[in-house]
Amino acid sequence: MFKNYPDVVKTYEASQMIGIGKNSIYRLIKEGELEAIKVGKTNYITKKSIEDFVLRNFELFKLVPKENFERRRKSKKKVEEEMKFKDAKLMEVKKDESKIL
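Below: a short report on this structure.

Thresholds, definitions, all that
Residues numbered from 1 in each chain as written. Predicted model: local features only at pLDDT ≥ 70, side-chain atom pairs only at ≥ 80, totals over all residues. Heavy atoms only, no water. Helix = DSSP H or I, 4+ residues; strand = E, 2+ residues; numbered from the N terminus. Buried < 20%, exposed > 50% of the residue type's maximum accessible area, 1.4 Å probe, protein only. Areas by Shrake-Rupley, 256 points an atom, 1.4 Å probe, with all protein chains shown as cover. Contact = heavy atoms within 4.5 Å. Pairing = 2+ DSSP bridges. Core = buried A, V, L, I, M, F, W, Y, C linked by side-chain atoms within 4.5 Å. Axes fitted to C-alpha atoms, helices over the stretch in contact; angles between N-to-C directions. Arc of directions from axis to C-beta.

Along its length, the protein carries 4 helices and 3 strands. Along its sequence from the N terminus, the protein presents helices and strands in the succession β-α-α-β-β-α-α. Buried residues in the protein amount to 20% of all 101 residues. Carbon and sulfur atoms form 55% of the exposed surface of the protein, whose accessible area is close to 8700 Å².

Take a look at the structure:
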């Protein structure tokens, strides 16, 4: 599965293999999802452990349909519009307060 990687990798390489952050790798080690050997301050993870993890969690690694990304963009635009609206309302309130003072 991961032919270009050595049999034992550091956390950074493991994160590249799986496509998640280093902190997530540390969490998976702590939860026992990945087997690691700690030498000094460095965690070493076997390629077999990573392959097993990917096979156990195959559903997580399927590609997300393109429609989901478009929905996210729309919701992000909606959030931006709402922020602009709130900013405009805030400016109106500030103007009203300055008239009162």
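From this point, the narrative continues.
The next thing to look at is helix α3 (residues 47-56). Among the residues of α3, those classed as buried are K47, S49, I50, E51, F53 and V54. For α3, the secondary structure elements touched by its buried residues are β1 (8-10), α1 (11-18), α2 (22-31) and β3 (42-46).

Here the focus is the pairing of β3. Along any regular strand the residues' side chains alternate between the sheet's two faces. The two faces of β3 differ: N43 and I45 on one face are buried, but T42, Y44 and T46 on the other face are not. By the bridge criterion, 3 bridges tie β1 to β3 in an arrangement that is antiparallel. From the neighbouring strand, V9 faces β3, where its bridge partner is I45. Bridge count for strand β2 (residues 36-39) against β3 is 4 bridges, and the pairing is antiparallel.

Of all hydrophobic cores here, the largest spans 13 residues; its most connected members are I25, L34, I45 and I50. For this core, the elements supplying multiple residues, two or more each, are α1, α2 and α3. For L34, the contacting residues outside a window of four places in its chain are I18, I25, L28, I29, S49, I50 and F53.

Turning to the sheet that holds β1, a few remarks are in order. Spatial ordering of the open sheet is given by β1-β3-β2, a layout of 3 strands whose pairing is antiparallel. Looking along the sheet, the strands with just one partner apiece sit at the ends: β1 and β2. Neighbour to neighbour, the strand axes of the sheet diverge by 35 degrees on average, direction disregarded.

Turning our attention to α1. Considered for burial, the residues of α1 that qualify are T11, A14, S15, M17 and I18. Buried positions in α1, seen along its axis, are confined to an arc of 160 degrees and lie on one side of it. A positive phi of about 90 degrees marks G19, the residue just after α1.

The quantities given are spatial measurements derived from coordinates; they are silent on function.
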